[in-house]
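These are the residues of each chain, in order.
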Amino acid sequence: MSSQIDHLLNETRRFAPSPAFAAEAVGTAELYERAAADREGFWADQARDLLHWHTPFTEVLDWSNPPFARWFADGELNVAYNCLDRHVESGIGDRAALLWEGENGDERRVTYAELTDEVKRLANVLTGLGIGTGDRVAIYLPMIPEAVAAMLACARVGAIHSVVFGGFSADSLRSRIDDAGARLVITADGGYRKGKVSPLKPAVDLALADRNGLGAQETVEHVLVVARGGNAVDWTEGRDLWWHDVVPAASAEHEAQPFPAENPLYILYTSGTTGKPKGILHTSGGYLTQATFTNKVVHDIHPETDVYWCTADIGWVTGHSYVVYGPLANGATQVLYEGTPDTPHPGRWWEIVEKYGVTVLYTAPTAIRSFMKIGRAVPQKFDLSSLRLLGSVGEPINPEAWMWYRGVIGAESAPIVDTWWQTETGAIMISALPGVTETKPGSAQVALPGISVDVVDEDGKHVGNGNGGLLVITEPWPSMLRGIWGDPERFKETYWEKFAAQGYYFAGDGARLDDDGDVWLLGRVDDVMNVSGHRLSTAEIESALVGNDAVAEAAVVGASDETTGQAVVAFVIVKESYLAEHSPEGLAGTLRLWVGEQIGPIARPRDIYIVGELPKTRSGKIMRRLLRDVAEGREVGDTTTLADTSVMSIISAQVK
Ligand code: WTA
């Protein structure tokens, strides 16, 4: 980490927004003053100004039982009504909500009126299936308009959705369905990825089947299937339903009912430091307020003129807050793209920007770095002059990538907002305001109006400018997680115990304050990796590895990687009996595929080293820091706390 700190300290370039941009910007400097004068009053104003409340709230924040916050608790609203009906009622029903581009070239323009109609029908279907307030619905879909409709229909009837990324395996899906106790799964036959149909319904069938000694899944009553891939699927009569049979046939009359502001909206599973994924719980009123506000002021949404494109999959929190809830509540027009950036050619994204005249692009550093690798000639073949604002999310963006993004994609003029937040925070917390802040390449910079963060030492003391430490959030915020599904103790332990004396939320990230007090993120300080902007836990991959018969023990680390930020590197001890019969290369190959099957392709280790021993402390804790040194090709650090100090030299020799 130290080399990165030095590098950051040398970064002195500054980019102020142009006067023309600043003059038209939605977010102004005055927001900071209002929020500083009365933080809760500020959020109450945002909630009233940006959303429709069926029953206005009179309470703002209830923090009487920390860390369980309640925001706007006596107010009532309907999240889907806020994203759909009210726009139709205000006369903008003909505006495009979604400009959908299939990977295979299919297109659909879906207006607010059409999306509202679809969601109303689906809401009636859900009600007919007995899905109502508090029921859990698992959504396992490609990036198609039906995915957006499915989430909104759940919200409309007060049900809780749990979106599972389509790249996750049947086993990952099963554990998430079980943990949430889902009654319905909404999926598709398949979706297009990398030029092929990637099947989804078959994975759902596997997930629900009696496998791995788990027995047949018991809570799911129905599986609703969108026809997208055209691939053959098995059918379970009585359980499975085609979307095209039931949704168009349902009534388009459906009045959105109000729900309390703290009604749960969704569960989203994310990696933690233990093997079991955490079901992060978000509720309605506070979440929608902050998602809508941040989309508006950070992405500078002018709904009448902008064509906004957030490239995230709906399986991640960025897709929840900045594909579905924020932009639709703001009445924005956005691009939704089904496929991968390089299919059928490496310029596909830039072709889409040109085709739809995208004005605001929000993506991840890993994507930017992979475009950098291919070279500027590819984007330069397309007309990107419509782009006026660029955003970044998911991991620290290194200054080189930032400068390339600005120069090659943003024509040296579009402001870049580097936005720091987490699944747990629900919405952006630290970011420049594009019309106000003088940006610095590589820094997320400042807390948004109404948000209080700090960088502290191990004792919770502010580190002061020029120093590094741990990032904390010092005051409750509207879109904060309300807990971990089914596990309030783990919620307290994971996020609140470390700085219990101060009452701070601990984010798990290292950060540094520069001389202006701006925040520079330095990556995770726990055993969570960030691969292509996706959080993966070392423990989860280790337990998948150890689940293979050949493996006796495994340790996984995140090693820095030019393209993906971090890459998964595994050190594995193989059982003697297997070593005798298989080559190390063969075993490594088998185990890579195995992890892909267990968790999903994204978790497949880049490198697997078959080793004889792992470095452990006397208390038996694996010293991943030392393995990271090996994985990154560095001189191995201090080994004095190892139980057996010779282990590292043996491992280094084996790896070479
Ligand atoms: C990292 C994604 C640096 C961070 C929205 C955080 C970032 C984790 C940034 C959350 C950023 C996200 N700069 N690091 N702009 N944005 N991170 O839950 O380590 O998938 O804790 O949420 O990503 O990942 P998650």
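Structure shown above.
What you see is a predicted model, and the numbers here were worked out from it, not measured in a lab.

Cut-offs applied
Positions within a chain are numbered from 1, following the residues in the order the chain's sequence is written. Residue-level local features of this predicted model are given only where pLDDT is at least 70; pairs of side-chain atoms are given and counted only at 80 or more, and the full residue set underlies all totals for whole chains, interfaces and linings. Note that water and hydrogens are dropped before the side-chain values are worked out from all heavy atoms of the structure. By the criteria applied, helices consist of DSSP H or I runs no shorter than four residues and strands consist of E runs no shorter than two, each listed in order from the N terminus. Computation of the radius of gyration draws on C-alpha atoms alone. For the globule rule, the value is 2.2 Å times the number of residues to the power 0.38. Values of accessible area rely on a 1.4 Å probe in the Shrake-Rupley scheme; residue burial ignores everything except the protein chains shown. A positive count includes Lys and Arg, and a negative count includes Asp and Glu. His and the chain ends are not counted in either. Charge positions are represented by NZ for Lys, CZ for Arg, CG for Asp and CD for Glu. In short, DSSP must find at least two bridges between two strands for them to pair. Between two residues, a contact is recorded if the distance between any of their heavy atoms is within 4.5 Å. As a rule, the C-alpha atoms of each element are fitted with a line to give its axis, helices using only the stretch in contact, and angles between N-to-C directions run from 0 to 180 degrees. Note on exposure labels: buried denotes an accessible area under 20% of the residue type's maximum, exposed denotes more than 50%, and partly exposed covers the range between, all computed with a 1.4 Å probe on protein chains only. Disulfides are defined in this document as cysteine sulfur pairs within 2.5 Å. Every helix has an expected span of 1.5 Å times one less than the residues it contains. Here a residue counts as near a molecule or strand whenever at least one of its heavy atoms sits within 4 Å of it. The definition of a polar contact used here is a pair of N or O atoms within 3.5 Å, where within protein one atom must be able to donate a hydrogen and the other to accept one, and adjacent residues in sequence count solely through side-chain atom pairs. For this classification, the nonpolar set comprises Ala, Val, Leu, Ile, Met, Phe, Trp, Tyr, Cys and Pro, the charged set comprises Asp, Glu, Lys and Arg, and every other residue, Gly included, is treated as polar. The rule is short: rings of Phe, Tyr and Trp, with Trp giving its six-membered ring, pair when the centres are within 6.5 Å, and they are stacked under 30 degrees, edge-to-face over 60, tilted in between. Within this document, salt bridges are pairs made up of a side-chain nitrogen of Lys or Arg and a carboxyl oxygen of Asp or Glu, the two lying within 4 Å of each other. What makes a nonpolar core is a set of buried Ala, Val, Leu, Ile, Met, Phe, Trp, Tyr and Cys residues whose side-chain atoms join them at distances within 4.5 Å.

Colleague: Sorry, what's going on with the overall build of the protein chain here?
Modeller: On a plain count of helices and strands, the protein chain comes out with 22 helices and 30 strands. Taking 26 Å as the expected radius of gyration for a compact globule of 656 residues, we find that the protein chain reaches 24 Å, a close match to that expectation. Principal-axis analysis of the C-alpha atoms gives the protein chain an extent of 75 × 65 × 55 Å. Surface summary for the protein chain: the accessible area is close to 24100 Å², and the carbon and sulfur share equals 50%. Once the 56 positive and 88 negative side-chain charges of the protein chain are each reduced to a mean point, those two points are 2 Å apart.

Colleague: What is the right way to look at the sheet that holds strand β11 (residues 222–226) in this model?
Modeller: Sheets are built from strands paired through backbone hydrogen bonds, the pairs being either parallel or antiparallel. Pairing in this open sheet of eight strands is mixed, and the strands run β12-β11-β8-β6-β7-β14-β15-β23 from one edge to the other. Both edges of this open sheet fall to β12 (240–242) and β23 (483–484), since each of them pairs with a single strand only. Taken together, the five bridges between strand β8 (residues 184–188) and β11 define a ladder with parallel strand orientation. Bridge pairing in β11 links Val 185 to Val 223. Contacts between helix α13 (residues 317–329) and the sheet are confined to β7 (160–163) and β14 (264–270), with β14 contributing the most and set at about 145 degrees to the helix.

Colleague: What exactly am I supposed to notice about unusual backbone geometry here?
Modeller: Outside of glycine, negative phi angles account for most residues, and trans bonds account for most peptide bonds. Note the cis peptide between Pro 66 and Pro 67, where omega equals 5 degrees. With respect to the helices and strands, Pro 67 occurs in the loop between β1 (61–62) and β2 (70–71). The linkage connecting Thr 343 with the following residue, Pro 344, adopts the cis geometry, with an omega of 0 degrees. Mapped onto the secondary structure, Pro 344 falls in the loop between β17 (333–337) and α14 (348–356). Unlike most non-glycine residues, Phe 72 shows phi in positive territory, near 55 degrees. For Phe 72, the location among the structural elements is in the loop between β2 and β3 (76–77). The exposure class assigned to Phe 72 is buried, which follows from its relative accessible area of 0%. Positive phi values are uncommon outside glycine, yet Ala 411 reaches one of about 50 degrees. By secondary structure assignment, the location of Ala 411 is in the loop between α16 (399–409) and β20 (416–419).

Colleague: Honestly, the state of the cysteines in this entry has me stumped. Any pointers?
Modeller: Covalently bonding the sulfur atom of one cysteine to the sulfur atom of another cysteine gives a disulfide. Tallied over the entire structure, the rule returns zero disulfides. Looking at Cys 83, it has no disulfide partner, and the nearest cysteine sulfur is the one in Cys 154, 13 Å off. What makes Cys 83 buried here is its relative accessible area of 0%. The thiol sulfur of Cys 310 is not disulfide-bonded, and the nearest other cysteine sulfur, from Cys 83, lies at 15 Å.

Colleague: Hey, could you run me through helix α12 (residues 285–298) in this one?
Modeller: Given 3.6 residues to a turn, an α-helix orients residues that are three or four positions apart in the same direction. Counted at 1.5 Å a residue, the expected span for α12 with its 14 residues is 20 Å, and the 20 Å between its end C-alpha atoms agrees. Of all 14 residues in α12, 13 are buried; the element is thus mostly enclosed. Following α12 by one or two positions, Asp 300 adopts a phi angle in the positive range, close to 50 degrees.

Colleague: Looking at this model, I keep getting lost on the environment of Glu 395. Mind explaining?
Modeller: Counting through the fold element by element, Glu 395 comes out in the loop between β19 (389–393) and α16. The exposure class assigned to Glu 395 is buried, which follows from its relative accessible area of 10%. Along the chain, Glu 395 and Arg 535 lie 140 residues apart, while their C-alpha atoms are 9.6 Å from each other. Every residue in contact with Glu 395, bar those within four places of it in the chain, is listed here: Pro 365, Thr 366, Arg 369, Asn 530, Ser 532, Gly 533, Thr 564 and Gly 565.

Colleague: Help me understand the site of the ligand in this model?
Modeller: Near the ligand there are 17 residues, and of these Asp 418, Thr 419, Thr 423, Asp 509 and Arg 524 occur at the shortest range. The separation between a nitrogen atom of the ligand and a polar main-chain atom of Gly 394 is 3.1 Å. Within the backbone of Thr 419, one N or O atom sits 2.7 Å away from a nitrogen atom of the ligand. For the ligand, the accessible surface in isolation is 530 Å², of which the surrounding protein chains cover 96%. Each residue belonging to the shell around the ligand can be placed in one class, and the counts come to six nonpolar, six polar and five charged.

Colleague: Where do I start with the packing of aromatic side chains in this structure?
Modeller: Within a pair of aromatic rings, the relevant descriptors are the distance that separates the centres and the angle that separates the planes. Throughout the structure, instances matching the rule amount to 32 aromatic pairs. Pairing Phe 68 with Phe 491 gives two aromatic rings, centres 5.3 Å apart and planes at 55 degrees, and the pair type is tilted. In this pair, Phe 68 is assigned in the loop between β1 and β2 and Phe 491 in helix α17 (residues 488–495), connecting sequence segments 423 residues apart. Given a relative accessible area of 0%, Phe 491 falls into the buried group.

Colleague: Is there a simple way to explain the pattern of salt bridges in this structure?
Modeller: When the charged atoms of two side chains with opposite charge come close together, those side chains can pair. Following the criterion strictly, the structure yields 42 salt bridges and no others. Salt-bridge contacts for Arg 228 lead to Glu 338; the nearest nitrogen and oxygen are separated by 2.7 Å. Remark: Glu 338 occurs in the loop between β17 and α14 and Arg 228 occurs in the loop between β11 and β12; sequence separation between them is 110 residues. With respect to burial, Arg 228 and Glu 338 carry one shared label: buried. Here the salt bridges share partners, and the residues they tie into one network are Glu 101, Glu 107, Arg 348, Glu 351 and Lys 355.

Colleague: Just to check I follow, could you spell out the nonpolar core for this structure?
Modeller: Burial of nonpolar side chains together is a common tendency in soluble globular proteins. In this structure, Leu 115, Leu 152, Tyr 325 and Ile 541 are the most contacted members of the largest nonpolar core, which totals 159 residues. If near-sequence neighbours (up to four positions away) are discounted, Tyr 325 is found in contact with Val 79, Cys 83, Met 151, Leu 152, Ala 155, His 161, Leu 265, Tyr 266, Tyr 287, Leu 288, Thr 292 and His 320. Among the nonpolar cores identified, the runner-up in size contains 31 residues, and Phe 15, Trp 309, Leu 361 and Trp 404 belong to it.

Colleague: How should the environment of Ala 80 be read in this particular structure?
Modeller: Mapped onto the fold, Ala 80 is located in helix α5 (residues 79–83). Under the relative-accessibility criterion, Ala 80 is labelled buried at 0%. Taking the C-alpha atoms as reference points, Ala 80 and Cys 154, separated by 74 residues in sequence, lie 8.6 Å from one another. Every residue in contact with Ala 80, bar those within four places of it in the chain, is listed here: Asp 85, Leu 152, Ala 155 and Arg 156.

By themselves, these are just geometric observations and shouldn't be taken as functional.
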